[in-house]
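The primary structure of each chain is shown beneath.
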Amino acid sequence: MSVITENSEVLMHFSIKLEDGSVAESTQAMGKPAKFRMGDGSLTDNFERCLLGLAEGAKSQFVLEPEDAFGQPNPDNIHYVDLARFGADAPAEVGTIIAFSGPDGQDIPGVITAVLGDSVTVDFNHPLSGQRVTFDVEVVRIEG
């Protein structure tokens, strides 16, 4: 039987639960498992350590501290943008997620957290940063 190793490509269902028990994300809710390669940098080292040795069909649950999941909020990721940069198609409203073009041309999502006068506060930290999360995983398939 296949088990997850450092070089495996893994297809799995997962859900991310917050400390209050609410589900922040679920591949089952989307109806499609996630695919990734171990060691490609898309998952934290501790997350990968929790997956090592799991077999196809295995279900597991583990809790990750913020630094092992989505990191701690970084104050350098909070920016102040001029209100004039927003328009009718992308209004500056608290709670709105807007994609901004990054230096490399990639879109970077930011959450508007405040609008004061002509200044809009945008938080580019991951929405789950600073959160202790529980992962429920089900390994669907392992390759390699």
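Refer to the structure above for everything that follows.
Attention here is on the structure that accompanies the text. (Residues numbered from 1 in each chain as written. Predicted model: local features only at pLDDT ≥ 70, side-chain atom pairs only at ≥ 80, totals over all residues. Heavy atoms only, no water.)

By the definition in use, this model includes six salt bridges. The partner of Lys17 in a salt bridge is Asp136, with the nearest N and O atoms 2.8 Å apart. A residue pair is termed long-range when its members are at least 10 positions apart, and Lys17 in strand β1 (residues 9-17) and Asp136 in strand β9 (residues 133-143) qualify at 119 residues. Lys17 sits in the partly exposed class, given a relative accessible area of 27%. (Salt bridge = Lys/Arg side-chain N within 4 Å of Asp/Glu carboxyl O. Helix = DSSP H or I, 4+ residues; strand = E, 2+ residues; numbered from the N terminus. Buried < 20%, exposed > 50% of the residue type's maximum accessible area, 1.4 Å probe, protein only.)

Alignment of β1 against β9, held across nine bridges, turns out to be antiparallel. Its bridge partner lying in β9, Ser15 is registered against Asp136. Alignment of strand β4 (residues 59-64) against β9, held across six bridges, turns out to be antiparallel. Along β9, the bridge assignment pairs Leu64 with Val133. (Pairing = 2+ DSSP bridges.)

Across soluble globular proteins, you tend to see nonpolar side chains buried next to one another. The biggest cluster of nonpolar side chains holds 21 residues, and the ones touching the most others in it are Ile4, Met12, Leu51, Phe135 and Val137. Listing elements by their share of this core, those giving two or more residues are β1, α2 (45-51), β4 and β9. Per-element accounting of this core gives the leading share, five residues, to β9. Once residues within four sequence positions are removed from consideration, Met12 is found in contact with Thr27, Pro33, Ala34, Phe36, Phe47, Leu51, Val137, Glu138, Val139 and Val140. One finds Val81, Ala92, Val120 and Val122 within the second-largest nonpolar core, a separate group that totals eight residues. (Core = buried A, V, L, I, M, F, W, Y, C linked by side-chain atoms within 4.5 Å. Contact = heavy atoms within 4.5 Å.)

The subject of this paragraph is the sheet that holds strand β7 (residues 107-116). Note on sheets: strands pair through backbone hydrogen bonds, and any given pair is parallel or antiparallel. Across the sheet, which stays open at both edges, the four strands sit in the order β5-β8-β7-β6 with antiparallel pairing between neighbours. Of all the strands in the sheet, the pair left with one neighbour each is β5 (78-82) and β6 (97-101). When strand polarity is set aside, the average angle formed by the axes of neighbouring strands in this sheet is 45 degrees. With five bridges connecting them, β6 and β7 associate as antiparallel partners. Within β7, the position partnered with Phe100 by the bridge is Ile108. (Axes fitted to C-alpha atoms, helices over the stretch in contact; angles between N-to-C directions.)

With that settled, the discussion passes to the packing of aromatic side chains. One pass over the structure, following the stated rule, counts seven aromatic pairs. Geometrically, the ring pair formed by Phe14 and Phe135 is tilted, given 6.4 Å between the ring centres and 50 degrees between the ring planes. Of the two residues, Phe14 sits in strand β1 while Phe135 sits in strand β9, which places them 121 residues apart along the sequence. When the ring of Phe100 is compared with that of Phe124, the centres are 5.4 Å apart and the planes differ by 75 degrees; the resulting orientation is edge-to-face. Here Phe100, found in strand β6, pairs with Phe124, found in the loop between β8 (119-123) and β9; they are 24 residues apart in sequence, far enough to count as distant. An aromatic cluster is defined as three or more aromatic residues linked by ring pairs; in this entry it consists of Phe14, Phe47, Phe62, Phe70 and Phe135. (Phe/Tyr/Trp six-rings, centres within 6.5 Å; stacked < 30°, edge-to-face > 60°.)

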